[in-house]
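Each chain, written out:
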Amino acid sequence: MNSRAEQVAAFVLHSRPYRETSALVDLLTLEYGKVTVVARGARRAGSQLRHTLQAFTALAVRFAGKNELKTLHQAETVEVAASLNGNALLCGLYANELIERLLQPLESMPQLFLHYRILLNDLREANDLEVSLRLFEKVLLKELGHWRDLSNCHHAYYRLNQQQELCHVDDSLHAQFTGQQLRAIEHDNFADESTKRAAKRLMRALLQHQLGERPLRSRELFQLRARESQEITFDSP
């Protein structure tokens, strides 16, 4: 991108302190993918940016700069949406952490941006959290180039090899997935509970292969909530 400030659509992923009064803000933008900006004075008392640059907020922003780190010139909220709470909040933090860890800076992924918006709407409306996450994870893996078409999985049984590639096996004893489950996942058909469980195993394995050994902080928060809560909670992704 050039150094001229231009208005783009963005969501706030994460914000952290920078120097005395500023903040570093990670954005998911429609045009440029993941972008990190310096928000000067954002932490000053009375700064409007303190309230604007919150996670999951949809913004119209202007930023510029010739280097990877940009300078934020303007940020306006474009819609007032209900906040995320409970398990929906943890799911949102999980999605944000995946984006932070797996996307390269300034790599445009418009389909991911659109599906991130869909995910946030689903989380706010308390739709099926597991299905919403699986759909988002699938799009993320596709955009990263780490998804294979499962519609041709016509063998009865499959498992992942050490390279996280699907290979068919001869019997259910050594299988992790059935061909029917994999085809259903490809066509976003999660009506069967066994397909939901299979999708979770598949997405977790494929994502972990890209994430490496460092654990996800958001997954740890799920586990902490489960230990502290007296209620049955949503299982961690």
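Nothing here was measured: the structure is a model prediction, and the numbers come from that model.

Caption draft 1: Quick look at the sheet that holds strand S6 (residues 157-160). Taken together, the three strands give an open sheet; going across it, the order is S7-S6-S8, and neighbouring strands pair in antiparallel fashion. Unpaired on one side and paired on the other, strand S7 (166-169) and strand S8 (177-178) mark the two borders of the sheet. Sheet topology note: the S6/S7 ladder contains four bridges and is antiparallel. Of the residues in S7, the one forming a bridge with arginine 159 is cysteine 167.

Caption draft 2: Focus on unusual backbone geometry. A positive phi is found at arginine 19, a non-glycine position, where the angle reads about 55°. In this structure, phenylalanine 56 is a non-glycine residue whose phi angle is positive, near 80°. Note on placement: phenylalanine 56 falls in the loop between helix H1 (49-52) and strand S4 (58-64).

Caption draft 3: Representation of the sheet that holds S4. Here five strands make up a closed barrel; going around it, the order is S1-S2-S3-S5-S4 and the pairing mixed. Direction aside, neighbouring strands of the sheet carry axes that sit 55° apart on average. Pairing of strand S3 (residues 33-39) with strand S5 (residues 69-77), which is carried by three bridges, proceeds in the parallel orientation. Opposite threonine 36, over in S5, you have leucine 69 as the bridge partner. In this fold helix H2 (residues 86-102) packs onto strand S1 (6-18), strand S2 (22-29) and S3, with an angle of close to 95° to the strand it touches most, S1. Packing against the sheet, helix H3 (residues 110-124) makes contact with S1 and S2, and its axis sits at approximately 65° to S1.

Conventions used here
- Residues numbered from 1 in each chain as written.
- Predicted model: local features only at pLDDT ≥ 70, side-chain atom pairs only at ≥ 80, totals over all residues.
- Heavy atoms only, no water.
- Pairing = 2+ DSSP bridges.
- Helix = DSSP H or I, 4+ residues; strand = E, 2+ residues; numbered from the N terminus.
- Axes fitted to C-alpha atoms, helices over the stretch in contact; angles between N-to-C directions.
- Contact = heavy atoms within 4.5 Å.

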